[in-house]
Amino acid sequence: MKKTILVSIFALLISFGAQAQKLGSLSESKTVEHPFNPLPYSYDALEKAIDSETMNIHYNKHFRGYYNNFLKAIEGTELQSKSLEEIFASVSKQSTAVRNNAGGYFNHDLFWQVMSPNGGGEPQGSLGKAIAESFGSFDNFKSAFEKAAATRFGSGWAWLAVDEQGKLFITSTPNQDNPLMDVAEKQGTPILGLDVWEHAYYLRYQNMRGSYIGKFWEVVNWPEVEKRFNALQ
Ligand code: MN
């Protein structure tokens, strides 16, 4: 009888120990998962603006490359337990590899989501109203965004972003930077991004970046952009 009780107590202690160890290792190795999200449409779905060969190479080679190199750059470092937003907030202290590849991963993931084969038209609801208030009209907004995209020298991105007060602004960034980074000229959360690297348009548009920018409006997924805008209000 006595022996049975002792064995039971011993078993209990072992089980408590195992639980405690499990909890301990969980908190120590809190790593953030970074998904490689599928393209939300087929390669030829945005054909009216972007040809399928460009989509295929852009998604499978460029985007995948940034993603893989981002994971490699943070492997075994304290950045494994940080979200992308946290990494961007102190990116000036990180290596060029982290800055470029974390940016490339995040920027493209956003870019795929804010386009749709059923896109185009004008933003409605709260976003449509905010665009009219901030820029005067949707046409004025388009002109200002196109200018930001066209005048970004070399490689980079044009953005519609939301500042800390929830207000819209247009900006552009070089390379794979974005407005979430502490190095950005104007900081905020991007809700719409346009990739103006040559790899994004050269097969169809060659040197005519302006034609590519003009066609972008036909595939913008405004409901998705509005969802992101509303989440920041
Ligand atoms: Mn790109």
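This text goes with the structure placed above it.
Residues numbered from 1 in each chain as written. Predicted model: local features only at pLDDT ≥ 70, side-chain atom pairs only at ≥ 80, totals over all residues. Heavy atoms only, no water.

A. The overall build of the protein chain, seen in detail. Assigned secondary structure in the protein chain consists of 9 helices and 3 strands. Starting at the N terminus and walking to the C terminus, you meet the elements of the protein chain as α-α-α-α-α-α-β-β-β-α-α-α. As presented, the protein chain carries roughly 12,500 Å² of accessible surface, and 53% of it is formed by carbon and sulfur atoms. (Helix = DSSP H or I, 4+ residues; strand = E, 2+ residues; numbered from the N terminus. Areas by Shrake-Rupley, 256 points an atom, 1.4 Å probe, with all protein chains shown as cover.)

B. Region of the structure containing the coordination of the manganese ion. Protein coordination at the manganese ion: the donors are His58 (NE2), His108 (NE2), Asp195 (OD) and His199 (NE2), at 2.0 to 2.1 Å from the metal. Between consecutive donors of the manganese ion, the numbers of intervening residues give the motif H-x49-H-x86-D-x3-H. (Donors = N, O, S within 2.8 Å, 3.2 Å for Na, K, Ca; no water.)

C. Inspection of the nonpolar core at higher detail. One finds Phe141, Leu168, Leu192, Phe216 and Trp222 to be the most contacted residues of the largest nonpolar core, which totals 61 residues. Ignoring anything within four residues of it in the chain, the contact list for leucine 168 reads Leu127, Ala130, Ile131, Ser134, Phe135, Leu160, Ala161, Val162, Ile191 and Phe229. (Core = buried A, V, L, I, M, F, W, Y, C linked by side-chain atoms within 4.5 Å. Buried < 20%, exposed > 50% of the residue type's maximum accessible area, 1.4 Å probe, protein only. Contact = heavy atoms within 4.5 Å.)

D. Molecular detail of the side chain of serine 172. The topology assignment puts serine 172 in strand 2 (residues 168-174). The class for serine 172 is buried, based on a relative accessible area of 16%. Within the local environment of serine 172, its side chain forms a polar contact with the side chain of arginine 152, the two groups lying 3.1 Å apart. Serine 172 has contacts with Ala148, Arg152, Trp157, Ala158 and Trp159, leaving out every residue within four places of it along the chain. (Polar contact = N/O pair within 3.5 Å; in protein donor to acceptor, adjacent residues only side chain to side chain.)

E. Representation of the sheet that holds strand 3 (residues 189-195) within the structure. With antiparallel pairing, 3 strands are arranged side by side in an open sheet as 2-1-3. In the strand order of this sheet, the two ends are held by strand 2 and strand 3, each with one partner. When strand polarity is set aside, the average angle formed by the axes of neighbouring strands in this sheet is 25°. Bridge analysis of strand 1 (residues 156-162) against strand 3 gives 6 bridges, and the strand direction is antiparallel. (Pairing = 2+ DSSP bridges. Axes fitted to C-alpha atoms, helices over the stretch in contact; angles between N-to-C directions.)

F. Representation of the packing of helix 5 (residues 125-135) against helix 9 (residues 222-231) in the model. In contact at an axis separation of 8 Å, helix 5 and helix 9 are set at 80° when each is read in the N-to-C sense. Of the possible angle classes, the one that applies to helix 5 and helix 9 is roughly perpendicular. Every residue of helix 9 that contacts helix 5 at Gly125, Ser126, Leu127, Ala130 and Ile131 is listed here: Trp222, Val225, Glu226, Phe229 and Asn230. Tallied by class, the residues present in the contact of helix 5 with helix 9 amount to 6 nonpolar, 3 polar and 1 charged. (Parallel < 35°, antiparallel > 145°, perpendicular 65-115°, else oblique. Nonpolar A, V, L, I, M, F, W, Y, C, P; charged D, E, K, R; others polar.)

G. Broad picture of the pattern of salt bridges. According to the stated counting rule, one finds 5 salt bridges in the structure shown. One salt bridge connects lysine 215 with glutamate 218, and the closest N-O pair in it is separated by 3.3 Å. Residue classification places lysine 215 among the partly exposed residues on the basis of a relative accessible area of 32%. Taking relative accessible area as the criterion, glutamate 218 reaches 31% and is therefore assigned partly exposed. Two residues, glutamate 224 and arginine 228, come together in a salt bridge whose shortest N-O distance is 2.8 Å. In this pair, glutamate 224 and arginine 228 both sit in helix 9, 4 residues apart, roughly one turn of the helix. (Salt bridge = Lys/Arg side-chain N within 4 Å of Asp/Glu carboxyl O.)

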